[in-house]
Amino acid sequence: MNGSRIAAVGHYQPARVLTNGELAGMVDTSDEWIRTRVGIRTRHIAGPDEPVDELAAHAAAKALAAAGLTPADVDLVLVATSTAVDRSPNTAARVAARLGVPQPAAMDLNVVCAGFTHALATADHTVRAGAAHRALVIGADKMSDVADWTDRTTCVLVGDGAGAAVVEASPEGAEPGIGPVLWGSVPEMGHAVRIEGQPARFAQEGQSVYRWATTQLPPLARQACERAGLAPEDLAAVVLHQANLRIIEPLARRLGARDAVVARDVTESGNTSAASIPLALSKLVEQGRISTGDPVLLFGFGGNLSYAGQVVRCP
């Protein structure tokens, strides 16, 4: 096969916006402290009656509409999430039920902040192999459920949301729209980012993550470009996991994509884990900041000290 492509994207965020000023009334912090250290101004927070699968279904419905498709056109649903409350039915099955997708393969992937790019690669491989014709690939997380709202070093980071992509076979004769994935992990350092315990709580070793992301990931991101046959200078946009502006900016700079648009959605959305890349990508498309066919590097990283990246063509 010629490979696969992203036909359309969509995103969704809850209506409630939590500002730095409001957080300053909850924990010992300030707007200046948060902006200086992580670059975040606001984040969206889902209510108790807004589960992860609802966020995911909203984003997926928008992606389907943008592609001019119906749920009946989909035969694979993949949801990247690490904040699902229930083990079964999985989030993908619940999303499929909400949308009315008939008899899909439905799977969740938990690779935390690198989940979407792992799921996108999985969909690409599945479509290439002929095991699925069209896939919904969704990143969705409700980080507010696992936040420790007494810990100012982590609660200021998190937000809720979802982003989705429709993946299908590339037209005959066209170049693949999803490049080869570069993925891996540092499992012995998995303790650096955690969502564990009862109740589950998000915690991280911030300095360890910062050093790893800013020193070890730039050459890996360049390798992802090489696998697509491109140099960083050829990129129209770079969409990194929206972890922290102090990680995004040096990583993008060391990558060497001099003329690329760099997604900085973290400033208004916070760290939405698996949702962050498709959410930021969908906004760039919606705002017209990238055009159809533009080469875009997607690079997820974080929990498990996992990473996955690929160059895609903008839908």
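Nothing here was measured: the structure is a model prediction, and the numbers come from that model. (Residues numbered from 1 in each chain as written. Predicted model: local features only at pLDDT ≥ 70, side-chain atom pairs only at ≥ 80, totals over all residues. Heavy atoms only, no water.)

Novice: Requested: an account of the sheet that holds strand β6 (residues 134-142), with residues and values cited.
Specialist: Taken together, the five strands give an open sheet; going across it, the order is β1-β7-β6-β4-β5, and neighbouring strands pair in mixed fashion. A single partner strand is all that each edge strand has here, and the edge strands are β1 (4-12) and β5 (105-109). Going across the sheet, the axis of each strand differs from the next one's by a mean of 15 degrees, ignoring polarity. Sheet topology places β6 next to strand β7 (residues 160-169); nine bridges connect them, and they run antiparallel. In the strand pairing of β7, Ile 138 is matched with Ala 164. (Pairing = 2+ DSSP bridges. Helix = DSSP H or I, 4+ residues; strand = E, 2+ residues; numbered from the N terminus. Axes fitted to C-alpha atoms, helices over the stretch in contact; angles between N-to-C directions.)

Novice: Which residues make up the packing of aromatic side chains, and what values do they have?
Specialist: For the coordinates displayed, the defined rule picks out two aromatic pairs. With a centroid separation of 6.4 Å and 5 degrees between ring planes, the pair formed by Phe 299 and Tyr 307 is classed as stacked. Of the two residues, Phe 299 and Tyr 307, both sit in the buried class. Cation over ring: Arg 246 sits above Tyr 210, and NZ or CZ is 5.1 Å from the ring centre. (Phe/Tyr/Trp six-rings, centres within 6.5 Å; stacked < 30°, edge-to-face > 60°. Buried < 20%, exposed > 50% of the residue type's maximum accessible area, 1.4 Å probe, protein only. Lys NZ or Arg CZ within 6 Å of the ring centre and 35° of its normal.)

Novice: Lay out the packing of helix α7 (residues 206-215) against helix α9 (residues 245-255) in plain terms, naming residues and giving numbers.
Specialist: Following both chains from N to C, one finds α7 and α9 inclined at 20 degrees, their axes separated by 8 Å at the closest point. In terms of their interaxial angle, α7 and α9 are classed as roughly parallel. The chirality of how α7 crosses α9 is right-handed. Along its contact with α7, which presents Val 209, Tyr 210, Ala 213, Thr 214 and Thr 215, the element α9 presents Arg 246, Ile 247, Pro 250, Leu 251 and Arg 254. Per-class residue counts for the contact of α7 with α9 are six nonpolar, two polar and two charged. (Parallel < 35°, antiparallel > 145°, perpendicular 65-115°, else oblique. Left-handed = near helix turned anticlockwise from the far one by under 90°. Contact = heavy atoms within 4.5 Å. Nonpolar A, V, L, I, M, F, W, Y, C, P; charged D, E, K, R; others polar.)

Novice: If you had to explain the pattern of salt bridges to someone new, which residues and values would you point to?
Specialist: Applying the stated criterion across every chain, the model contains 14 salt bridges. Among the salt bridges present, the one from Glu 168 reaches Arg 5, with a minimum N-O distance of 2.6 Å. Pair noted here: Glu 168 is in strand β7 and Arg 5 is in strand β1, with a separation of 163 residues, a long-range link. Residue class for Glu 168 comes out buried when judged on its relative accessible area of 10%. Among the ionic pairs, Asp 53 bridges to Arg 98, the shortest N-O distance being 2.5 Å. Highlighted residues: Asp 53 in helix α3 (residues 52-67) and Arg 98 in helix α4 (residues 91-99), separated in sequence by 45 residues. Assessed through its relative accessible area of 9%, Asp 53 is described here as buried. Overall, the relative accessible area of 45% leaves Arg 98 in the partly exposed class. (Salt bridge = Lys/Arg side-chain N within 4 Å of Asp/Glu carboxyl O.)

Novice: Hey, could you go over the environment of Asn 244 for me, with residue numbers and the actual values?
Specialist: Mapped onto the elements of the fold, Asn 244 is located in the loop between β11 (237-240) and α9. Measuring from C-alpha to C-alpha, the distance between Asn 244 and Val 266 comes to 6.6 Å, with 22 residues separating the pair along the chain.

Novice: Explain the nonpolar core residue by residue, including any values.
Specialist: Leu 217, Leu 235, Leu 297, Phe 299 and Phe 301 are the most contacted members of the largest nonpolar core, which has 48 residues in total. Contributions of two or more residues to this core are made by α2 (31-38), α7, α8 (217-227), β11, α9, β13 (295-302) and β14 (306-313). Not counting residues up to four positions away in its chain, the partners in contact with Phe 299 are Thr 117, Leu 217, Leu 220, Ala 221, Val 239, Leu 240, His 241, Ile 277, Tyr 307, Ala 308 and Gly 309. (Core = buried A, V, L, I, M, F, W, Y, C linked by side-chain atoms within 4.5 Å.)

Novice: Explain unusual backbone geometry to me, using residue names and the numbers behind them.
Specialist: In this chain, Ser 88 is followed by Pro 89 through a cis amide linkage whose omega measures 0 degrees. Of note, Pro 89 is situated in the loop between β4 (76-80) and α4. Here the amide bond leading from Gln 198 into Pro 199 is cis, since omega sits at 0 degrees, within 30 degrees of zero. By the element assignment, Pro 199 lies in the loop between β9 (193-196) and β10 (201-204). Of note in the backbone geometry, Val 112 takes a positive phi value of approximately 50 degrees without being a glycine. Position of Val 112 relative to the elements: it lies in the loop between β5 and α5 (115-129).

Novice: Tell me about the sheet that holds β11, and name the residues and values.
Specialist: Strands pair in a sheet through their backbones, by hydrogen bonds, and they do so in one of two ways: parallel or antiparallel. Across the sheet, which stays open at both edges, the five strands sit in the order β8-β14-β13-β11-β12 with mixed pairing between neighbours. Both outer strands of the open sheet, β8 (182-185) and β12 (261-262), are each paired with one neighbouring strand and no more. Here four bridges tie β11 to β13, and the two strands are oriented parallel to one another. Across the sheet, residue Val 238 finds its bridge partner in β13, namely Leu 297. Sitting on the sheet, α5 touches β8, β13 and β14, and the angle it makes with β14 is about 55 degrees. Here α8 sits on the sheet in contact with β8, β13 and β14, set at roughly 140 degrees to β13.

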